[in-house]
Amino acid sequence: MIVLDFDWTLLDCNSDTWVVEKLGASALMNSLHHTLPWTQLMDRMMKELHDAGRSMEDIDQCLQHAPIHPAMVSAIKSAAAIGCELQIVSDANSYFINKILHSYDLHHYFPDKNIHTNPAFVAENGALHVLPFHAADEQLPPHGCNLCPPNMCKGLILNSIQGKATSGSTRREVIYIGDGGGDLCPSLQLQKGDHVLARKGFPLLKRLQENQNVVKATVHVWSSASDVEAILSDLLQFES
């Protein structure tokens, strides 16, 4: 089973700031950044963009051009072709992720049940709303994990995924691919025989190095999507 973060991992940018920047609202977002938790900030920014006359078509146009490296597309397709289950665990939102996956024809590999993120929906007035994951999911109450932001504990999500995957069967090897500080918690849930791919120059790698005495999985460092493809090719024995 391969579990991927989305922003700066599967996608080679931050989808939230990509949209806000492309629609000319970065200054407002920066002014509000320290006053609201991130998910509430994005909900506020979607309201501000709507009030400024920006449409969902404008947002969709931005998302269609958000960059996914060809090597990441190739790695996903190769892993799926040999039977790997693919999961996304992301602090982005469902609307952005689904639109971007459709743009690259990758949605076939990630059914809705395999995308774990903050839910988003278009309201009757045409504005996009973004809600926190844990507050929206009745099966996963607020987590209280001191490693994660209040809206999402990726470690709890990973445990839930693994619980469903191993029901009545042998536990499968997990390959976790991420970059941010929020990816530390699930990385620490991994066991010997699992693998975590941490992006060079991003918070996850530094935090894994600071906690290496409790990291059980094998850590692999990557800088580009080509590195991810090569590492997965070596671990899964497919041609990159």
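It should be emphasised that the depicted structure is a prediction, and the values quoted were computed from it without experimental measurement.

Peer 1: It is not clear to me how the environment of glycine 126 should be interpreted in this structure. Could you clarify?
Peer 2: Relative to the elements of secondary structure, glycine 126 occurs in the loop between strand 4 (120-122) and strand 5 (128-130). Spatially, the C-alpha atoms of glycine 126 and lysine 47 are 9.6 Å apart, while their sequence positions differ by 79 residues. The contacts of glycine 126, once residues within four sequence positions are left out, are His50 and Met56.

Peer 1: Explain the pairing of strand 6 (residues 175-178) to me, please; I cannot follow it from the model alone.
Peer 2: In regular strands, side chains alternate between the two faces of the sheet. By the alternation rule, side chains of strand 6 split into Ile175 and Ile177 and Tyr176 and Gly178, which are all buried. Pairing analysis gives 3 bridges linking strand 1 (residues 2-4) to strand 6, with the strands arranged parallel. When the sheet's bridge partners are listed, leucine 4 is paired in strand 6 with isoleucine 177. In this structure, strand 6 lies alongside strand 7 (residues 195-199), joined through 4 bridges in parallel fashion. If you follow isoleucine 175 over to strand 7, its bridge partner there is histidine 195. Following the backbone out of strand 6, through helix 9 (residues 184-189) and into the adjacent parallel strand 7, one traces a crossover that is right-handed.

Peer 1: Even after reading the chapter, I still don't get the layout of surface pockets, so can you show me in this structure?
Peer 2: Empty space among the atoms can be located by rolling a probe the size of a water molecule over them. Volume-wise, the largest pocket comes out at about 530 Å³. What lines the largest pocket is a set of 27 residues, and nearest its centre among them are Trp38, Asp91, Ala92, Pro149 and Asn151. Secondary-structure elements contributing two or more residues to the lining of the largest pocket are helix 3 (38-51), strand 2 (86-93) and helix 7 (133-136). Its residues placed into classes, the lining of the largest pocket shows 11 nonpolar, 9 polar and 7 charged.

Peer 1: Quick question: what am I supposed to make of helix 10 (residues 203-210) here?
Peer 2: Along an α-helix, residues three or four apart share an orientation, since each turn contains 3.6 residues. All buried positions along helix 10 are accounted for by Leu204, Leu205 and Leu208. End-on view of helix 10: buried residues confined to an arc of 100°, all on one side of the axis. Exposed and oriented more than 90 degrees from the buried face of helix 10 are Lys206 and Glu210. Contacts from the buried residues of helix 10 go to strand 6, helix 9, strand 7 and strand 8 (218-222).

Peer 1: What's the story with the state of the cysteines in this structure? I'm lost.
Peer 2: Note: disulfide means a covalent bond formed between the sulfur atoms of two cysteine side chains. Across all of its chains, the model carries 0 disulfides by this definition. No disulfide involves cysteine 62; its sulfur sits 11 Å from that of cysteine 13, the nearest cysteine. With no disulfide of its own, cysteine 145 lies closest to cysteine 148 among cysteine sulfurs, the gap being 3.8 Å.

Peer 1: When you look at the nonpolar core in this model, what are you seeing that I'm missing?
Peer 2: A general feature of soluble globular proteins is that nonpolar side chains tend to end up buried together. Grouped together as the largest cluster of nonpolar side chains are 55 residues, with contacts concentrated most on Ile2, Leu10, Met46, Phe96, Phe110, Ile177 and Leu232. Of all the elements, helix 5 (residues 70-81) adds the most residues to this core, at 6 residues. In this structure, methionine 46 is in contact with Val20, Ile59, Phe96, Leu128 and Val130, ignoring residues within four places of it in sequence. Of all hydrophobic cores here, the second largest spans 19 residues; its members include Ile157, Tyr176, Leu204 and Val215.

Peer 1: What is the right way to read the pattern of salt bridges from this model?
Peer 2: Oppositely charged side chains may form a pair once their charged atoms are brought near each other. Taken as a whole and judged by the stated rule, the model has 7 salt bridges. Across the pair lysine 154 and aspartate 183 runs a salt bridge whose closest N-O atoms are separated by 2.9 Å. A residue pair is termed long-range when its members are at least 10 positions apart, and lysine 154 in helix 8 (residues 154-165) and aspartate 183 in the loop between strand 6 and helix 9 qualify at 29 residues. For lysine 154, a relative accessible area of 7% gives the class buried. One salt-bridge network, in which partners are shared between bridges, spans Asp5, Lys154 and Asp183.

Definitions and limits used
- Residues numbered from 1 in each chain as written.
- Predicted model: local features only at pLDDT ≥ 70, side-chain atom pairs only at ≥ 80, totals over all residues.
- Heavy atoms only, no water.
- Helix = DSSP H or I, 4+ residues; strand = E, 2+ residues; numbered from the N terminus.
- Contact = heavy atoms within 4.5 Å.
- Buried < 20%, exposed > 50% of the residue type's maximum accessible area, 1.4 Å probe, protein only.
- Pairing = 2+ DSSP bridges.
- Right-handed = clockwise from strand over helix to strand, strands pointing away.
- 1 Å grid on protein atoms, 1.4 Å probe; cavity = no way out; pocket = protein on both sides within 12 Å on 5 of 7 lines; lining within 4 Å.
- Points joined across faces, edges and corners; volume = space filled by probe spheres on them.
- Nonpolar A, V, L, I, M, F, W, Y, C, P; charged D, E, K, R; others polar.
- Arc of directions from axis to C-beta.
- Disulfide = S-S within 2.5 Å.
- Core = buried A, V, L, I, M, F, W, Y, C linked by side-chain atoms within 4.5 Å.
- Salt bridge = Lys/Arg side-chain N within 4 Å of Asp/Glu carboxyl O.

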